[in-house]
Amino acid sequence: MNGGNGDARHPTPEPDPDQPPRIPLPRASVEDTGHPLPALEGLGDVAPRPAPLVLEHRVLKSLLGAWALAACSPEETAAVEEHLGGCGACADEARRLREAVGLLHPAETLDLSPSLRARVLEGCLERRPPRIPVPEWAAPYDAETARLDALLQDFGDAEWHAPVRLRWFRKDEPTSRRTTVAGVIAHLLTVDGLVAVALGLRDPMGDVAADRPTPSARTEAYWRASHFPPTRAVRAPWREQTHDLVRTVSFTGGGAGNLSVPYGDFELPLHDAMLDRAFECWVHAEDIAEAVDYPYDPPSGRDLHRMVDLAARMLPTVLAARRRAGLAAPASGAHRHLVPAGEPGRSLRLEIEGSGGGEWLIPLDSPAAVGSAEHEVAHIALDGGEFCRLAAGHVSPTEAAAGQVGDREAIRDVLFAAASLSRM
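Reference entry: report on the structure contained in this document. Just so it is clear, the model here is predicted, and its values are computed rather than measured.

Time to look at the packing of helix H6 (residues 139–152) against helix H8 (residues 181–198). Running from N to C, H6 and H8 point in directions that differ by 155°, and their axes come no closer than 13 Å. Regarding the angle of H6 to H8, the classification is roughly antiparallel. In this structure, H6 meets H8 at a crossing whose hand is left-handed. Facing H6, whose interface residues are Tyr141, Leu148 and Leu152, H8 presents Val181, Ile185, Leu188 and Asp192. Across the contact of H6 with H8, the residue classes tally to six nonpolar, no polar and one charged.

Shown next as structure tokens:
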């Protein structure tokens, strides 16, 4: 391209003096013309501000209720508020009415519903299924660890060192252990480590050796090995381990669900161990929330149902162990009979009400027997959350059941067996 006014082949035409220029010149200010400025009335259709309403005192007083509910017109609102500036009696009445309106709309809690995360994930997964989904039996653990981590995220040093009393039943007697919020997370870290070791992941105990491979022994050893009481620093390794566990069981495609996880005195298949860890995470989250005086909701109904089902399935084996230890009535006598494995036997109906509810028939005389409605000798009704707190050792067996019908000895055996599921 060439600059200048053109070239020989395409000469630039001369401007026509009778035509307006192609680029308009800047406009001159009206102040530079010497002409008078235009009147303000001609600068647009600006509506004049309406004069405020002039209302009698009794009318203004009658409008106070509507004003408190924000139901007055703009003119009425302006009139009322102008009146309140000069009338003390109406101003006091208006303040009382505004406070009453606040009671009609109480402030809602900022805590998220336990089911919100599940609903959001369900909606997301309907739109775009994950390449590697979390197995259903691991979903409660994923949800409960996320809820506990959300509770911990804003804790300061005072909250991390707040005293917590862990409670459980040992040989039908309530017992407890004093620790801190950080100590509870360290406890969860070490016991979750049993699942981590079973999956081939790193043991959070490191070089610390426990006297026995039980949850309580591992926890006590970890606490003793700490040069100082656990602090907020324990949160990061605990949360990282929870992510590793969920990620690892997801990569297995759910096929590792029957992998055995040893707890020292007993073993659980992996899918039950993950439910057990979800249950303990919720129970200890409630312990922490109670220590810092903060509300904490139970799990979603679907997850709570799975936890209740795990406890109900464990009760026959626990009953048999308590019978061998002399803590439950022997499986003999006029009203008891041993049956072959897989056959129906004397049973107790466990009815769980409310969220996570359902019914389970618990065989009483042999863990190999099958619960049978025809052989039902007793019936217990409990709330879902109350049953889980009984299984956690937070509720006395003598005070747990809301309804009891039938064989009193069978009812007592089942309630104490549920309490004996608890441990530190």
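The interhelical angle for the contact between H8 and helix H11 (residues 270–291), taken along N-to-C directions, is 180°, at an axis separation of 11 Å. On the basis of their axis angle, the class for H8 and H11 is roughly antiparallel. Taken together, the residues of H11 that come into contact with H8 (itself represented by Val181, Val184, Ile185, His187, Leu188, Val191, Asp192 and Val195) are Leu270, Ala273, Met274, Arg277, Glu280, Cys281, His284 and Ile288. Class assignment of the residues belonging to the contact of H8 with H11 gives a composition of eleven nonpolar, two polar and three charged.

Right, let's talk about the pattern of salt bridges for a bit. Applying the stated criterion to the full structure yields 28 salt bridges. A salt bridge links Arg95 to Glu99, with the nearest nitrogen and oxygen atoms 3.4 Å apart. Linking Arg95 with Glu99, this pair stays in helix H4 (residues 88–104), spanning four residues, or about one helical turn. For Arg95, a relative accessible area of 45% corresponds to the partly exposed category. By sharing partners, the salt bridges in this structure join Asp192, Asp276, Arg277, Glu280 and Arg423 into a single network.

Calculation notes
- Residues numbered from 1 in each chain as written.
- Predicted model: local features only at pLDDT ≥ 70, side-chain atom pairs only at ≥ 80, totals over all residues.
- Heavy atoms only, no water.
- Axes fitted to C-alpha atoms, helices over the stretch in contact; angles between N-to-C directions.
- Helix = DSSP H or I, 4+ residues; strand = E, 2+ residues; numbered from the N terminus.
- Parallel < 35°, antiparallel > 145°, perpendicular 65-115°, else oblique.
- Left-handed = near helix turned anticlockwise from the far one by under 90°.
- Contact = heavy atoms within 4.5 Å.
- Nonpolar A, V, L, I, M, F, W, Y, C, P; charged D, E, K, R; others polar.
- Salt bridge = Lys/Arg side-chain N within 4 Å of Asp/Glu carboxyl O.
- Buried < 20%, exposed > 50% of the residue type's maximum accessible area, 1.4 Å probe, protein only.

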